[in-house]
Amino acid sequence: MKKPAVLFAVALSLVLSGSALAQKVGGGDLTFTPKNAKPVVFSHKKHVTEHGLKCTGCHYQIFAMAQGSYKMNMDKITKGDFCGKCHNGGKAFDVKDKKNCTRCHR
């Protein structure tokens, strides 16, 4: 009689923990604070839910999974690294165009 109750408790805890994880898309919002520029808030929700991108489209190919595991700067981004891989005027707005600065830096 105890075995079904234990199995039910384990199954319920897995379902509840999975639903808690599903409420937050990816890593939520990440805030980057570059030197000499306004902060950048990166929205996983905007990129995954609104634009239909897959996590694997960026992670491991462009970004590591641990925040702060790379040194990102605008010089690298405008040369096509990091955000500049997509934000090149082709797939998404161009980071090289000065009128787009406030789209990220707020």
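The structure displayed is predicted, hence computed values, not measured ones. (Residues numbered from 1 in each chain as written. Predicted model: local features only at pLDDT ≥ 70, side-chain atom pairs only at ≥ 80, totals over all residues. Heavy atoms only, no water.)

Chemist: Sorry, what's going on with the overall build of the protein chain here?
Modeler: Summing up its helical and strand segments, the protein chain has five helices and two strands in all. When the elements of the protein chain are put in sequence order from the N terminus, they spell out α-β-β-α-α-α-α. Across the 106 residues in the protein chain, those meeting the buried criterion constitute 16%. Contacts spanning at least 24 positions in sequence make up 25% of the contacts within the protein chain whose residues lie at least 6 apart. Total accessible area on the protein chain stands at roughly 8,400 Å², and carbon and sulfur atoms take up 62% of it. (Helix = DSSP H or I, 4+ residues; strand = E, 2+ residues; numbered from the N terminus. Buried < 20%, exposed > 50% of the residue type's maximum accessible area, 1.4 Å probe, protein only. Contact = heavy atoms within 4.5 Å. Areas by Shrake-Rupley, 256 points an atom, 1.4 Å probe, with all protein chains shown as cover.)

Chemist: Please clarify how the pattern of salt bridges should be interpreted in this entry.
Modeler: A side chain with one charge can pair with a side chain of the opposite charge if their charged atoms come near. A complete count under the given rule lists two salt bridges for this structure. For Lys-99, the salt bridge goes to Asp-97, with nearest N and O atoms at 3.9 Å. Given a relative accessible area of 66%, Lys-99 falls into the exposed group. (Salt bridge = Lys/Arg side-chain N within 4 Å of Asp/Glu carboxyl O.)

Chemist: What is the right way to look at the side chain of Asn-100 in this model?
Modeler: Turning to its location among the elements, Asn-100 is positioned in the loop between helix H4 (74–78) and helix H5 (101–104). By relative accessible area, Asn-100 is classed as buried at 12%. When sequence neighbours within four positions are dropped, the list of residues in contact with Asn-100 reads Phe-93 and Asp-94.

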